There are 2 protein chains.
Amino acid sequence: MKQPIPTNPMSGFMELLPQEQIVFNQMFDIIRKSYELFGFAPLDTPVLERSEVLLAKAGGETEKQIYRFTKGDNDISMRFDHTVPFARYVVENYGKIIFPFRRYVMGKVYRGERPQAGRFREFYQCDIDVVDIDTLDLGFDAEIPSIIYYIFKKLGFEHFTIKINNRKIFNGFLNSLNLSDKAPNIMQAIDHLEKTGESNVRKELEDAGLPINKIEALFQLISIKGTVNEMLNSLQSLNTEDDQFKTGVNELSIVTQQLNNLGVPSENFKIDLSIARGLDYYTGTVYETTLDEYPEIGSVCSGGRYDNLASNYTDKRIPGVGISIGLTRLFDRLYKKGIIKTKSATPTRVLVIPMSNNNTQTSLVVATKLRENDVSTQVSFGDNKPKKSLAYANKLDIPFVVLIGDDEESQKKYTLKKMLTGDQEQLSIEELINKLKI
Amino acid sequence: MKQPIPTNPMSGFMELLPQEQIVFNQMFDIIRKSYELFGFAPLDTPVLERSEVLLAKAGGETEKQIYRFTKGDNDISMRFDHTVPFARYVVENYGKIIFPFRRYVMGKVYRGERPQAGRFREFYQCDIDVVDIDTLDLGFDAEIPSIIYYIFKKLGFEHFTIKINNRKIFNGFLNSLNLSDKAPNIMQAIDHLEKTGESNVRKELEDAGLPINKIEALFQLISIKGTVNEMLNSLQSLNTEDDQFKTGVNELSIVTQQLNNLGVPSENFKIDLSIARGLDYYTGTVYETTLDEYPEIGSVCSGGRYDNLASNYTDKRIPGVGISIGLTRLFDRLYKKGIIKTKSATPTRVLVIPMSNNNTQTSLVVATKLRENDVSTQVSFGDNKPKKSLAYANKLDIPFVVLIGDDEESQKKYTLKKMLTGDQEQLSIEELINKLKI
C-alpha cells in the first residue's frame, strides 16, 4: 500500500496558525518600522548565492550547516546569514551607494543543523548595519543601543538589559599579558561563562595552557561589576599599559555616555566585560540584549562593530556596526512561555451577514463601502443561516457583525452587533462607517 | 592568480538599489494591506519542503525547474508556488482551521529555469485563496475581481481589464462536440491564441486531429465578443445542449452581475472566452488581468476556481478560489518601461546636523525627540563639515535637515531647512515636531 505523504513541515521549520502568524507579523512590523524610523533603507538580497561567495569566509561548523547543491552548471548555496550577502552587495554596488550606508534586511536564512529543541533550520534574521568607507564614526556605535531600546519597548518589554562591551579592552588586556596568540581560544572559553560557570571556564583555560596567574588576571578583568561609571573607573585603575586597551576603554566610555542623550534609561543598559561575541569578526563595540525576567532565553539582539565588511571581495576598507534580531527564535521562546498571547485568527473587523439570499446584493454594497473606508470586511456567502455566520465570527474572533435583512434594507439602517457584549444598534451606512473606522 | 569572487547576483535573481527597493516595498505593502482589508489572514509556509510533497502533483516542465537536493537523509525541494504548500498546510491543520478559510501568503518561490530576459528564478508571488469543505459558494468567485480592482487602483492604475471566463463553458462545449478526450490539447492550443495568432492555433488543432467543422465551432465560441450582457446572450443563443456548459454560463452570469454591487466599474472587467489558464487544475471561474496600455506585459494577476485543493494528501474535498500576483515580474516590467519612478533612497525624513562636535549631544536629544514622534531621523556623526552633511542629505533625497550650532543651542531654536526650496526657519523642539510629523 502506498504510504500517505506527510503533511507536517520538516523538522526545524516553523509554521504557524493564522492567529500566531498575526502576532508574529505584528512583531515583524514593529521591528521594520523602528529600523525605518532610524533612517535605515530596505534591502532584499537573494536567498540563493554562488557557493564561492558564501564559502569565502565560512568555515568549520558554518560550512557543514549550509544547504548547498548544484543545478546545471551552478554551485549554489542558501544564505546562512545576511552579512555575507550584504558584503557582496556593497562591493557590487559600491559606485551607486551613498555612504555612510544604512540598510536593514529582514528575511529568512538557512542552517541545516541537526534538529534540536528550539533550533531552527529556517529562521528570520532582522538586521541593520551602517557602513562607511575607511572610517566610521563612533557615534554610530552609540546609536545602536538606542535602536535596541526603542524596539524592545515597542515590543512591549519593560525589563531588558543591553549589555555593552568593547573587544579592544579584552584584546588589549590579552596583549598586555602576552596572550594574544591564544585570543581565539580564550574568547571562546569566556563566551561559555554564562552557560558552564566559572570553574569550568577556568578549567578550559588551564587546558589551553594558561598559567594560573594569568587566568587570575583575566578573571580580575571580567569580574569587574558595578554601574557604568564605577566600571569605567575600575578599568582605568587597572593601569593596563596597552594602547588597544586604552582605546577600548575610551570608546566604551564615549558610547555609554551618549546613551543618556539618546533617551536610553540607565536601568536598560550596562557594561558587561564578559561579552566576547565569539566571532573573530567583531573588532570594537559589541552588544547583547537579555530579557531580565527570562535570562534563559539568552541574547535576543546581538551585534557589534567590525573593521572590514568585505575583505573577501575587495581591497577597499569598509568598517561598520550592526545588530541582528533572530525573530523566529524570539517568537518561539516567548510564545512557548506564554508571554505572547494570540488574539484573533483574522484581520477582519466586521462580517456582513445577509439574513437571506435576497439581501446579498445590499450586503455587497455595504461591504464595499466599508472597505473603501479601510474597514477590513468579509461577507457571508451562500445558504448560511445567520446563526452559522455568527458562529463563524465568534470562532474567528471578528469583533463586529452587520446584519442585513429586509427591514434593514427598507429602512436603510443596518444592525451592528458587537460580538463581545451582544449590544446591537441600527445605523445608517455613514454611521456604520464612522463607528467602524479606526 | 586567484580569480576574484563575482559579486553580482546570479542570473535570474532580482536585486535592487535602496531607492528601487523602497518602491517595491510600497507595492508589496499595498497588496498586503488590500488582502487584509478583504479579511484574508496571513500565512507563511517554509521555502523548503519534502520533495515528495512538492512532486506529488508536479510533472514535466515544473519538475525539471525545481531546485532539489539532499541534506543528510532528507530529499528536499524549494517551493515553486504557494498552492502546493497551502494544500499540505490545510490538510495538516484541518482540525484547527475555521472554514471558509481565507489566507494570503506573500513570499519568494523558486524555479530554476534557463535564464531568459525578464524570467526570474527567484520571485515573489502574492497569493490569496479561500477554501471551504465540500462546497464553496459562488459569491467568493465574484468577490475576487473586486479585490483585483481594489489593488490595481491602489497601485495607481486607471486602465486595466479583469478578464473573466468559466472553464465549464469550454469543457461543456467540447463535450457537446464529443471532444472531451482532446480537451488538454485544445486548451493548450487556445492558450496560445494571443501569442501565435488564429491561423497558428487552427493549424495546431488540425494537427491534433480535429475536423474542420469542429474547429469552426470552437472559433465560433471563442470569437464571441461584446459587452457582458451581449456575450451572455450570445452564449445562450448557441443552444448548446450540455449541462456543464449551461452551468458555466449561469455561473459566469451570476459572477459578472455581482461586480456592480462590489463597486467594479464595467470598463474594468469583461468576459473573455479565450482564457483557459492552461493548468487542468482550474474547474470553474478563471481570471486574468491586463494593463490596457501595456498588453505586452501579459497577465499581471491570474487565478481561478478549483474543485479540490488537496487531493494528493487527503480524501476530503476542499474546493477553493484564488489569485496570484507575480510581484517581482510586475515590478521589473513596470520599472523597465519607466512607469515606476524611484524617489528617495532612504525612508529618512530629516537629517540632524551638529555644526561642530560641541553640538552632538543636543543633536542626539533633538533626534530622539523627533523619533519619539514617529519622524524618521538620522544624525550626522563625526568631523563631517555641515557642507558634507548637506550634500549627503541631497544625494539621498532627504527632504529636511535640522542644523544645530551654538546659537541654536543657546536660544533653543533650531534651524529647519527644507532641502527642495532652501527655505530656513528657526523653530523650538515642539514646533519642529509639529512641522515634521506626518
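Residues numbered from 1 in each chain as written. Chains lettered and ligands numbered in written order. Predicted model: local features only at pLDDT ≥ 70, side-chain atom pairs only at ≥ 80, totals over all residues. Heavy atoms only, no water.

Engineer: Explain the sheet that holds strand β8 (residues 269–271) of chain A to me, please; I cannot follow it from the model alone.
Structural biologist: Whether parallel or antiparallel, the strands of a sheet pair through hydrogen bonds between backbone atoms. All names here are of chain A. One open sheet holds the 8 strands; their spatial order is β1-β5-β6-β11-β10-β9-β7-β8, and the pairing between them is mixed. Every other strand in the sheet has two partners, leaving β1 (41–42) and β8 as the edge strands with one partner each. Here 2 bridges tie β1 to strand β5 (residues 101–110), and the two strands are oriented parallel to one another. From the neighbouring strand, Pro 42 faces β5, where its bridge partner is Tyr 104. The strands touched by helix α12 (residues 243–261) are β7 (160–166), β8 and β9 (285–291); relative to β7, the strand with the most contacts, the crossing angle is about 150 degrees. (Pairing = 2+ DSSP bridges. Helix = DSSP H or I, 4+ residues; strand = E, 2+ residues; numbered from the N terminus. Contact = heavy atoms within 4.5 Å. Axes fitted to C-alpha atoms, helices over the stretch in contact; angles between N-to-C directions.)

Engineer: Explain the interface of chain A and chain B here, please?
Structural biologist: By a widespread convention, an interface's size corresponds to the accessible area lost as its parts come together. Taken residue by residue, the interface counts 95 residues in chain A and 95 residues in chain B. Taking both sides of the interface into account, the surface hidden between chain A and chain B amounts to around 8300 Å²; carbon and sulfur atoms contribute 59%. Ranking the residues of chain A by area buried against chain B places Met10(A), Arg371(A) and Phe381(A) at the top, with a combined share of 8%. Our count for the contact surface shared by chain A and chain B stands at 8 salt bridges. In this structure, the salt-bridge partner of Lys108(B) is Asp44(A), at a minimum N-O distance of 3.0 Å. At the surface where chain A touches chain B, the tally comes to 44 residue pairs in polar contact (both at pLDDT 80 or more). The dominant element in the side of chain A that touches chain B, judged by the number of residues it contributes, is helix α1 (residues 18–37) of chain A, at 9 residues. Split by residue class, the side of chain A that touches chain B holds 48 nonpolar, 24 polar and 23 charged. (Buried area = accessible area lost by both parts, 1.4 Å probe. Salt bridge = Lys/Arg side-chain N within 4 Å of Asp/Glu carboxyl O. Polar contact = N/O pair within 3.5 Å; in protein donor to acceptor, adjacent residues only side chain to side chain. Nonpolar A, V, L, I, M, F, W, Y, C, P; charged D, E, K, R; others polar.)

Engineer: Please explain the side chain of Asp81(A) as it appears in this structure.
Structural biologist: Residue and element names in this part refer to chain A. Note that Asp 81 resides in the loop between β4 (74–78) and α4 (83–92). In this structure, Asp 81 is buried with no salt-bridge partner, the nearest side chain bearing the opposite charge being Arg 111 at 5.2 Å. Of note is the side chain of Asp 81, whose polar atom sits 3.2 Å from the backbone nitrogen of Val 84. Apart from the residues lying within four places of it in its own chain, the contact partners of Asp 81 are Val 109 and Arg 111. (Buried < 20%, exposed > 50% of the residue type's maximum accessible area, 1.4 Å probe, protein only. Lys, Arg positive; Asp, Glu negative; His and termini not counted.)

Engineer: Would you mind showing me how to read the relation of the copies chain A and chain B here?
Structural biologist: Think of it as a corkscrew move, a rotation about one axis and a shift along it, taking one chain copy to the other. Structural alignment of chain A on chain B gives an RMSD of 0.1 Å, achieved by rotating through 180 degrees and translating 0.0 Å along the axis. Given the turn and translation reported, the copies of this chain are related as if by a two-fold rotation axis. Considering only C-alpha atoms, the part of chain A nearest the rotation axis is Phe69(A), at 3.0 Å. Of the residues that chain A buries at the interface, 100% are likewise interface residues in chain B, meaning the two copies contact each other through the same surface. (Least-squares fit on C-alpha atoms with pLDDT ≥ 70 in both.)

Engineer: What am I meant to see in the packing of aromatic side chains here?
Structural biologist: Here a ring pair, both rings aromatic, is described through the centre-centre distance and the interplanar angle of the planes. Overall, the coordinates contain 33 aromatic pairs over all chains when judged by the stated rule. Each ring, one from Phe331(A) and one from Tyr335(A), has its centre 5.4 Å from the other, and the planes form 15 degrees; the classification is stacked. Taken together, the positions of Phe331(A) and Tyr335(A), both in helix α13 (residues 327–336) and 4 residues apart, correspond to about one turn of that helix. On the numbers, 6.1 Å between centres and 45 degrees between planes, the contact of Phe152(B) with Phe157(B) is tilted. The rings of Phe24(A), Phe28(A), Tyr124(A), Phe331(A) and Tyr335(A) are connected pair by pair, giving a single aromatic cluster. Here the basic side chain of Arg202(A) rests over the ring of Phe219(A), its NZ or CZ set 4.3 Å away from the ring centre. Sitting over the face of the ring of Phe40(B), Arg102(B) holds its NZ or CZ atom 4.5 Å from the ring centroid. (Phe/Tyr/Trp six-rings, centres within 6.5 Å; stacked < 30°, edge-to-face > 60°. Lys NZ or Arg CZ within 6 Å of the ring centre and 35° of its normal.)

Engineer: What is the right way to look at the state of the cysteines in this model?
Structural biologist: Two cysteines whose sulfur atoms are joined by a covalent bond form what is called a disulfide. Under the criterion given, the structure shown has 0 disulfides over all chains. Its sulfur unpaired, Cys126(A) is 9.6 Å from the next cysteine sulfur, which belongs to Cys301(A). (Disulfide = S-S within 2.5 Å.)

Engineer: I would appreciate a short explanation of the pattern of salt bridges in the present structure.
Structural biologist: Side-chain pairing between opposite charges can occur once the charged atoms of the two side chains come close. All names here are of chain A. Inspection of every chain in the model, using the stated rule, returns 46 salt bridges over all chains. Where Glu 36 meets Arg 32, a salt bridge forms, and the shortest distance between an N and an O atom there is 3.8 Å. Separated by 4 residues within a single helix, Glu 36 and Arg 32 lie in helix α1, roughly one turn from each other. Given the relative accessible area of 16%, Arg 32 is considered buried.

Engineer: What exactly am I supposed to notice about the sheet that holds strand β5 (residues 101–110) of chain B here?
Structural biologist: All names here are of chain B. With mixed pairing, the 8 strands of this open sheet are ordered in space as β1-β5-β6-β11-β10-β9-β7-β8. Only two strands of the sheet have a single neighbouring strand rather than two, namely β1 (41–42) and β8 (269–271). The pairing of strand β7 (residues 160–166) with strand β9 (residues 285–291) spans 7 bridges and is classified as antiparallel. Note that in β9 the partner of Ile 164 across the bridge is Tyr 287. Packed onto the sheet, helix α13 (residues 327–336) meets β6 (122–131), β9 and β11 (320–326) and runs at close to 40 degrees relative to β11.

Engineer: When you look at the packing of helix α6 (residues 167–176) of chain B against helix α7 (residues 183–191) of chain B in this model, what are you seeing that I'm missing?
Structural biologist: Each packed pair of helices is defined by two parameters, the angle between the axes and the distance between the axes. Residue and element names in this part refer to chain B. One way to put it is that α6 packs onto α7 with a least axis distance of 11 Å and a crossing angle of 125 degrees. On the basis of their axis angle, the class for α6 and α7 is oblique. Between α6 and α7 the crossing geometry is right-handed. From α6, Arg 167, Phe 170, Asn 171 and Leu 174 reach across to α7, where they touch Ala 183, Ile 186, Met 187 and Ile 190. (Parallel < 35°, antiparallel > 145°, perpendicular 65-115°, else oblique. Left-handed = near helix turned anticlockwise from the far one by under 90°.)

Engineer: Looking at this structure, how should I read the confidence of the model for chain A?
Structural biologist: For residues with low pLDDT, the predicted coordinates do not support detailed interpretation. This prediction gives chain A a mean pLDDT of 93; 98% of its residues lie at or above 70. Overall fold confidence (pTM) sits at 0.96, and the ipTM for the predicted complex is 0.95. (pLDDT = per-residue confidence, 0-100.)

Engineer: I tried to follow the environment of Lys71(A) on my own but got confused; where do I start?
Structural biologist: Residue placement: Lys71(A) occurs in strand β3 (residues 68–71). Residue Lys71(A) is classed as buried on the basis of its relative accessible area of 19%. It is 28 Å that separates the C-alpha atoms of Lys71(A) and Ser311(A), two residues lying 240 residues apart in sequence. When sequence neighbours within four positions are dropped, the list of residues in contact with Lys71(A) reads Ile76(A), Lys64(B), Gln65(B), Ile66(B), Tyr67(B) and Gly112(B). Side-chain polar atoms of Lys71(A) contact the backbone oxygen of Ile66(B), separated by 2.9 Å.

Engineer: I tried to follow the packing of helix α11 (residues 228–237) of chain B against helix α12 (residues 243–258) of chain B on my own but got confused; where do I start?
Structural biologist: All names here are of chain B. Between α11 and α12, the least distance of the axes is 11 Å, while the angle of their chain directions is 165 degrees. Classified by the angle their axes make, α11 and α12 are roughly antiparallel. Viewed along their axes, α11 and α12 form a crossing whose handedness is left-handed. Contacts between α11 and α12 involve Val 228, Asn 229, Leu 232, Leu 235 and Gln 236 from the first element and Phe 245, Val 249, Leu 252, Ser 253, Thr 256 and Gln 257 from the second.

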